[in-house]
Amino acid sequence: MKVFLSCLVCRLVTFILQKLGRGATTLPGRVALKVKRNVLSDLSKNVKVIIVTGTNGKTTSCRIIEEGLKTAGKTYFINKSGANLITGITASFIMNSTITGKNKMEYAIVECDENAFREVSRYIRADVVLVTNVFRDQLDRYGEVTHTLNAIKESVLNLPDATVCLNADCSLTYSMSKDIPNKIITYGVNVPFDKDAKEPEISDAKYCIFCKHEYKYSYHTYGHLGGFECSECGYKRKTPDFAVDSVEELKPNHSVVITDFNGDKNITKINIGGTYNIYNAIGCAAGLYALGISQENIYTALQNFNGAFGRMEQFVSGDNKINVILVKNPAGFSQTMSFLKSIEDDFTMILSLNDNAADGRDVSWIWDVDFADIFKKSNVKDIYVTGKRCYDMAIRVKYEGVGNREIKVIENEDYDKLVDIATSQGRDVYIVPTYTSMMTMRPVIAKRLGGKDFWE
């Protein structure tokens, strides 16, 4: 009876909110959980569940997995809105179940916040857990990286029957393999993206998690990811089950790589730019394989995937494109700058920094961003900053050095003005916002240039 009541009130609240033009992503779940706290235990019984968690890449990874299930002809649902706490996840399950709590779909793709995973894992039943990576992120909320790692590890221990996909190149993530009883599938990149890449000045995992001696690296991909090894205790990167053996082409909107999926080698196109998205793609290949999806369908999904909202999302303005790339922490921001440095055509850059609770109140992390000498490139024509902390970002960019360019400020989160500026540039524009800035500006951009609501 409580399952029925929980589903009923969730539907009623969702109906009312949508009539009011609201997204209805968390409140319906919050109300449903008041009726039956463990309703997820009932809702997840008759569906194959894959949970995606980790610091960076969750939303993009969920959308790649969605493409894989769609390609395979499976029925599924996904918490598309990015409402990745227990409230949003519960609402998503209820809205895809009958009024009595029986799921209508074959598969559920669940994006789950790292801290929320602790609670979610106590109630949900999962077949696969995909862990993307662990980086320093919002220190005022998550604490240090070991806190995030322990939250994920404790959650996985609540799901002993799930197959766990781990990033073999992340010394933090892969360390879980020593402590969990689950079946493990590993993924990673066997070569550096840039053969001349130097060791990063700032690392979130410079020292061995087990014995505290400094790691030695045979190569770096980005951040602390790469061919790590501790000469003291012997902890080192494992050759992954799903791997990239070589990088043939890196373009702004796609990559071409040689993959080795359990011994099956192929030339694989990944239909989204950015080296970090190569990791997302290979991790999803491992996750889809663990769900029983054929490798043929996996290759097709990687080739057809078109991006997720706010993550390499493109809007068209005349002959030009306005691109939105979400950043949340130093590692993701640094990789975005590296990606933008690879672009040869002229473009305008807009950086937007907020300090709302979902962004992290402490914005000092922007000083750890590696701008990759991007402002030495003459094709970065104009630089704008906006958001609640626009002047903090302006100072950070000024100290980076921008040559004779003017750093232009869009005050008061005036996103209508931002769109006016972006559409009048006569060239491509790359907007790099933090989370709440992206969630506020995106509806303005979509209204002007066309696009779905974020929950669709």
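Cut-off values and rules
Residues numbered from 1 in each chain as written. Predicted model: local features only at pLDDT ≥ 70, side-chain atom pairs only at ≥ 80, totals over all residues. Heavy atoms only, no water. 1 Å grid on protein atoms, 1.4 Å probe; cavity = no way out; pocket = protein on both sides within 12 Å on 5 of 7 lines; lining within 4 Å. Points joined across faces, edges and corners; volume = space filled by probe spheres on them. Helix = DSSP H or I, 4+ residues; strand = E, 2+ residues; numbered from the N terminus. Nonpolar A, V, L, I, M, F, W, Y, C, P; charged D, E, K, R; others polar. Buried < 20%, exposed > 50% of the residue type's maximum accessible area, 1.4 Å probe, protein only. Pairing = 2+ DSSP bridges. Axes fitted to C-alpha atoms, helices over the stretch in contact; angles between N-to-C directions. Contact = heavy atoms within 4.5 Å. Core = buried A, V, L, I, M, F, W, Y, C linked by side-chain atoms within 4.5 Å. Arc of directions from axis to C-beta. Parallel < 35°, antiparallel > 145°, perpendicular 65-115°, else oblique. Left-handed = near helix turned anticlockwise from the far one by under 90°. Phe/Tyr/Trp six-rings, centres within 6.5 Å; stacked < 30°, edge-to-face > 60°. Lys NZ or Arg CZ within 6 Å of the ring centre and 35° of its normal.

**Q** Could you give me a rundown of empty space enclosed by the protein, with the residues and numbers involved?
**A** Under the defined criterion, the tally for this structure stands at 1 cavity of 30 Å³ or more. There is about 50 Å³ of room inside the largest cavity. For the largest cavity, the full set of lining residues is Ser61, Leu130, Thr132, Asn133, Asn167, Tyr187, Tyr279, Asn280 and Gly283. When residues in the lining of the largest cavity are grouped by element, the largest group, 3 residues, is from helix α10 (residues 275-290). Across the lining of the largest cavity, the residue classes break down as 3 nonpolar, 6 polar and no charged.

**Q** An account of the pairing of strand β10 (residues 254-261) is needed here, citing residue identities and associated values.
**A** With 8 of 8 residues buried, β10 lies mostly within the body of the structure. The alternating pattern of β10 places His254, Val256, Ile258 and Asp260 and Ser255, Val257, Thr259 and Phe261 on opposite faces, both of which are buried. Of the strand pairs in this sheet, strand β9 (residues 242-251) and β10 are connected by 8 bridges, and their pairing is antiparallel. Looking at β10, one finds that Ser246 is bridged to Ile258. Hairpin connection from β9 to β10: 2 residues lie between these consecutive antiparallel strands. Here β10 pairs with strand β11 (residues 264-270) via 7 bridges, running antiparallel. Looking at the pairing, Asp260 lines up with Lys265 of β11. The hairpin formed by β10 and β11 contains 2 residues between the paired strands, and Asn262 there has a positive phi angle of roughly 55°.

**Q** Got a sec to walk through the sheet that holds strand β3 (residues 107-111)? Specific residues and values, please.
**A** Strand order in the open sheet made by the 9 strands is β2-β3-β1-β4-β5-β6-β9-β10-β11, with mixed pairing throughout. Since the sheet does not close on itself, it has two edges, and those belong to β2 (76-78) and β11, each with one partner. Here the strands of the sheet are splayed against their neighbours by 20° on average, with no regard to which way each runs. Of the strands in this sheet, β1 (48-53), β2 and β3 are in contact with helix α5 (residues 86-95), which crosses β3 at around 160°.

**Q** With reference to specific residues and values, describe the nonpolar core.
**A** In terms of nonpolar packing, the biggest core is built from 119 residues, with Ile51, Phe93, Phe333, Met337, Leu340 and Leu351 touching the most fellow members. For this core, the element with the highest residue contribution is α10, accounting for 9 residues. Discounting residues that sit within four places of it in the chain, Met337 has contacts with Met349, Leu351, Val369, Asp370, Phe371, Ala372, Ile374 and Val432. One finds Ile322, Leu326, Tyr384 and Met439 within the second-largest nonpolar core, a separate group that totals 20 residues.

**Q** An account of helix α13 (residues 390-400) is needed here, citing residue identities and associated values.
**A** The complete set of buried residues in α13 reads Cys390, Met393, Ala394, Arg396 and Val397. One side of α13 holds all its buried residues, which, seen down the axis, span an arc of 165°. Those residues of α13 that are exposed and angled more than 90 degrees off the buried face are Lys398 and Tyr399.

**Q** Can you lay out the packing of α10 against helix α11 (residues 295-304) for me, pointing to particular residues and giving the numbers?
**A** Helix-helix packing is characterised by the crossing angle of the two axes and by the distance between the axes. Where α10 meets α11, the closest approach of the two axes is 10 Å, and the angle between their N-to-C directions is 150°. Overall, the two elements α10 and α11 adopt an arrangement that is roughly antiparallel. Where α10 crosses over α11, the handedness of that crossing is right-handed. Two secondary-structure elements touch here, α10 through Ala281, Ala285, Leu288 and Tyr289 and α11 through Gln295, Ile298 and Leu302. Here the residues of the contact of α10 with α11 are counted per class, giving 6 nonpolar, 1 polar and no charged.

**Q** Would you mind going over the packing of aromatic side chains in detail, with residue names and values included?
**A** Taken as a whole and assessed by the stated rule, the structure comprises 19 aromatic pairs. Judged by centre distance (5.0 Å) and plane angle (85°), the rings of Phe77 and Phe93 are edge-to-face. Here Phe77 is found in strand β2, whereas its partner Phe93 is found in helix α5, with 16 residues between them in sequence. When sorted by exposure, Phe77 lands in the same class as Phe93, which is buried. Summarising the aromatic geometry, the rings of Tyr215 and Tyr217 are spaced 6.4 Å apart at their centres and angled 80° between planes, so their arrangement reads as edge-to-face. What makes Tyr217 partly exposed here is its relative accessible area of 21%. Taken together, Tyr174, Phe210, Tyr215, Tyr217, Phe228 and Tyr235 form an aromatic cluster joined through their ring pairs. Above the face of the Phe210 ring, Lys178 is positioned so that its terminal group lies 5.6 Å from the ring centre.

**Q** Kindly report on the environment of Cys7, identifying the contributing residues and their values.
**A** For Cys7, the location among the structural elements is in helix α1 (residues 2-19). For Cys7, a relative accessible area of 0% corresponds to the buried category. Taking C-alpha positions, Cys7 is 7.1 Å from Thr100, a pair spaced 93 residues apart along the chain. Beyond its immediate chain neighbours, meaning those up to four positions away, Cys7 contacts Leu43, Ile94, Thr98, Ile99 and Gly101.

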